Amino acid sequence: MMNNIIVMPMIIPLMTGIILIFLRTRVNSQRILSILSSIATIAVSLVILNRIQHEGILRLDFGGWLPPYGILFVADSFSMLLVVTTSIVTGILLIYAFSSIGKQHENMFFYPFIFFLVAGVNGSFLTGDLFNMFVCFEVMLLSSYVLITMGGRRIQLVESIKYVTINVLSSWFFLIGIAYLYGTVGTLNMAHLSVRVAEVGQGPLLTVISLMFLIVFSLKAGLLLYFWLPGSYSAPPTVVAALFGALLTKVGIYAMFRIFTLIFYHETAITHTAIGIMAILTMIGGSIGALAYNDIRKIVSYNVVIAVGFILAGLAMSSEVAFQGAIYYLIHDMIVKALLFLIAGTMIYLTGKAKIEEMSGLIRNYPMLGWLFFITMLSLTGIPPLSGFISKVFLGQGAIETGSYLLLAVAFMSGIFVLYSLLRIFLNCFWGETIISEDDDVPLKKGMLVPCVLLAIMTVAIGIGVEGLVPYVSDAARTLMNPDIYIEAVLQGNR
Amino acid sequence: METLITVLVGLLVTVAVYLLLSRNLIRVILGSAVLSHAAHLLLMTMGSGLKKGSAPLLGENAASYVDALPQALILTAIVISFAVTAFLLVLAYRTYKKTGTDDLYALRGFDDE
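Model, not experiment: these values are computed from the prediction. (Residues numbered from 1 in each chain as written. Chains lettered and ligands numbered in written order. Predicted model: local features only at pLDDT ≥ 70, side-chain atom pairs only at ≥ 80, totals over all residues. Heavy atoms only, no water.)

### Some remarks on the overall build of chain A
If you tally the helices and strands in chain A, you get 21 helices and two strands. For 495 residues, the compact-globule estimate of 2.2 N^0.38 gives 23 Å, and the C-alpha radius of gyration of chain A, at 22 Å, lies within 12% of that figure. When the backbone C-alpha atoms are referred to their principal axes, chain A occupies close to 75 × 55 × 45 Å. Among the 495 residues that make up chain A, the fraction classed as buried is 66%. Long-range contacts, defined as pairs at least 24 residues apart, comprise 82% of the intrachain contacts of chain A with a sequence gap of at least 6. (Helix = DSSP H or I, 4+ residues; strand = E, 2+ residues; numbered from the N terminus. Rg over C-alpha atoms; globule rule 2.2 N^0.38 Å. Buried < 20%, exposed > 50% of the residue type's maximum accessible area, 1.4 Å probe, protein only. Contact = heavy atoms within 4.5 Å.)

Structure below.
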């Protein structure tokens, strides 16, 4: 079997990270190698994504142990779409890091940990085994602990204590959930779990276990349990914050989609209703937070929270069209959130201030940055030619199909709050009296502008060229809706 | 035996929760370590019960073998929790050096920027 390629999106970043450790003092070689490795990961992921369209879901059994006995990687359209987006966003963020992160970070293993983080993220997307997912989560989280504390400023240390502790707790819940699940149905292979759960019926016991997983992934994704998120996402340097905002919550969302469409899809009246209520509260809470603060970093972090609620509203509706909307929004959000964090970070770098009332008239000094922010704002709100639009259409359609009008109303209202919170930044910071004179104008580095432009091009390209994405996304949604396709691909009859 | 271990798990969780809720940073870290041990014990007990057959080695001629998977899971989980605890300890030390306190009440919020 030539399916070995599936492991590449995890192995390439992992090996790159290890090699980069040995190149500690050679910053230039580190940069070149990391860019090359990102390009390789993107290329490999695209190849896999296209192979899935011809050959169906691919799987790789490690060590030749047939499922359900061994650990395996499974690549379907949903996971590969996310892997591709992760690789592209990371590559672009690396370019931003080159000009912004500073020599001190680069000498202290900054790039290796970025790659370990990506390895963990891609591994979580690809794995077909629940315990393996736990391990990949930990790889990702440990790297994120390092990245959030790196630099050792007071705010970083204080915030990371909360971040690490809450994640230790949620990992503990994950482990407990795995223990109960293994004790109940005696397997950890996700496809096999799905079969076993369907066989014995999802009774009250299994539903309680599924709610434990809901808690775990809600903590990771920031669904309702997002109290730790705004603080920890505003502490680290811009690139790291962008990486977290774009990737980390998405892994939790992915896991939630996987678990609740593949394994625990029998008691939707309990689990999916709970997800729906949590999504509504998340969107409301996120909107309040986004309006309440004057600190750009806080506003941007609360925008992450709103998006989490929006995507999981799609899961709560649980129809194929809604899933399509959610997947489009996931891809769109990874790109645009990275862009938003980068622009916010750049604004703080240029002015040295973080409060919106302390900045003014930036568009006079940095017109390009201002218009980029404008595009981001429109894209996040879902204005037609940009990437946010299509997902809102599908999600709205799904909501009407399934009759979830409350979810629909809250989801679309949250869009207005996103617009308002960002418009506040735009009006306060970019318009108005210019307070920075031409002389003490901090020059905007090209290396900071280029990644923003690239991400903006991507959001426009996805918006206009959405036709190209349709086959992949509809295949992904179809697989999510019909767990049998996934199970058949993994177990191939040997149940 | 399983019941006894389950009660022990409950006891460990109680201790861990008490430690986690305290204001002292070191106690919180110790709490997280105890908590992970409780999870490991639970994994072993939940898996397929405690030792029911002989060790899963080919040389042993036994009627039944014990399920090796929970032990593999625990081993992995122990390594991970070791790494996380080590990291947390270093983090606590750095924070103490930087802020001069290990009281979580004094560490909440940030005002230096």
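### Digging into the UniProt feature "transmembrane region" (unreviewed entry) in chain B
All names here are of chain B. The sites that UniProt annotates as "transmembrane region" (unreviewed entry) are residues 6-21, 28-48 and 68-93. In residues 6-21, the share of helix is 94% and the share of strand is 0%. The end C-alpha atoms are 23 Å apart. Taken as a whole, residues 68-93 contains 96% helix and 0% strand, while its terminal C-alpha atoms sit 38 Å from one another. (UniProt positions renumbered as here; feature names shortened; annotations may be inferred.)

### Observations concerning the pairing of strand β1 (residues 58-61) of chain A
All names here are of chain A. Burial along β1 is two-sided: the face carrying Leu-58 and Leu-60 and the face carrying Arg-59 and Asp-61 are both buried. The sheet contact formed by β1 and strand β2 (residues 72-75) spans four bridges and is antiparallel. The partner of Asp-61 across the bridge, within β2, is Leu-72. (Pairing = 2+ DSSP bridges.)

### Observations concerning the side chain of His-192 of chain A
Residue and element names in this part refer to chain A. Mapped onto the fold, His-192 is located in helix α8 (residues 190-200). When its relative accessible area of 8% is taken as the criterion, His-192 is described as buried. A polar contact of 3.0 Å, which involves the side chain of His-192, links it to the side chain of Thr-187. With near-sequence residues (within four places) excluded, His-192 lies in contact with Pro-68, Thr-187 and Leu-491. (Polar contact = N/O pair within 3.5 Å; in protein donor to acceptor, adjacent residues only side chain to side chain.)

### Description of the confidence of the model for chain A
Confidence along chain A averages 92 in pLDDT terms, with 98% of residues attaining 70 or more. Mean pLDDT per element in chain A: helix α15 (residues 362-365) of chain A is the minimum at 85, and helix α5 (residues 110-126) of chain A is the maximum at 96. (pLDDT = per-residue confidence, 0-100.)

### Some remarks on the confidence of the model for chain B
Scored by pLDDT, chain B has a mean of 86; 91% of the residues are at 70 or more. Model confidence for chain B, summarised as mean pLDDT per element, is weakest for helix α4 (residues 104-107) of chain B at 84 and strongest for helix α1 (residues 2-20) of chain B at 94.

### Considerations on the pattern of salt bridges
This structure, assessed with the given rule, holds ten salt bridges over all chains. Overlapping salt bridges bring together Lys-250, Asp-333 and Lys-337 of chain A as one network. (Salt bridge = Lys/Arg side-chain N within 4 Å of Asp/Glu carboxyl O.)

### A few points about helix α2 (residues 27-55) of chain A
For α2 of chain A, built from 29 residues, the straight-helix expectation of 42 Å at 1.5 Å per residue is met to within 8% by its first-to-last C-alpha distance of 42 Å. Directly beyond the C-terminal end of α2 of chain A, a positive phi value near 80° is found at Gly-56 of chain A. (Expected span 1.5 Å × (residues − 1).)

### Here's the deal with the packing of aromatic side chains
Residues and elements named next belong to chain A. Taken as a whole, this structure holds 34 aromatic pairs over all chains when the rule is applied. Relative to Phe-394, the ring of Tyr-328 lies with its centre 5.5 Å away and its plane at 15°, an arrangement referred to as stacked. Placement of the pair is Tyr-328 in helix α14 (residues 320-351) and Phe-394 in helix α17 (residues 388-402), with a sequence separation of 66 residues. For the pair Tyr-328 and Phe-394, one class covers both residues: buried. (Phe/Tyr/Trp six-rings, centres within 6.5 Å; stacked < 30°, edge-to-face > 60°.)

### A closer look at the interface of chain A and chain B
Between chain A and chain B, the contact holds 33 residues from the first and 37 residues from the second. For the chain A face of the interface with chain B, the top three residues by lost area are Arg-154, Ile-161 and Tyr-182 of chain A, together amounting to 22%. For the interface between chain A and chain B, the tally reads zero salt bridges. Across the chain A-chain B interface, the total number found is three residue pairs in polar contact (both at pLDDT 80 or more). Taken together, the elements giving at least two residues each to the side of chain A that touches chain B come down to α6 (130-149), α7 (154-185) and α13 (296-317) of chain A. Looking at the side of chain A that touches chain B, the element that brings in the most residues is α7 of chain A, giving 20 residues. Partitioning the side of chain A that touches chain B into residue classes produces 21 nonpolar, five polar and seven charged. (Buried area = accessible area lost by both parts, 1.4 Å probe. Nonpolar A, V, L, I, M, F, W, Y, C, P; charged D, E, K, R; others polar.)

### Remarks on unusual backbone geometry
All names here are of chain A. Of note, the amide linkage connecting Pro-67 to Pro-68 takes the cis form, showing an omega dihedral of 10°. Following the sequence through the fold, Pro-68 ends up in the loop between β1 and β2. With phi around 65°, Phe-109 is a residue other than glycine that occupies positive phi space. Structurally, Phe-109 is set in the loop between α4 (103-107) and α5. Exposure remark for Phe-109: the relative accessible area of 24% places this residue in the partly exposed category. For Ser-318, which is not glycine, the phi dihedral falls at a positive 55°.

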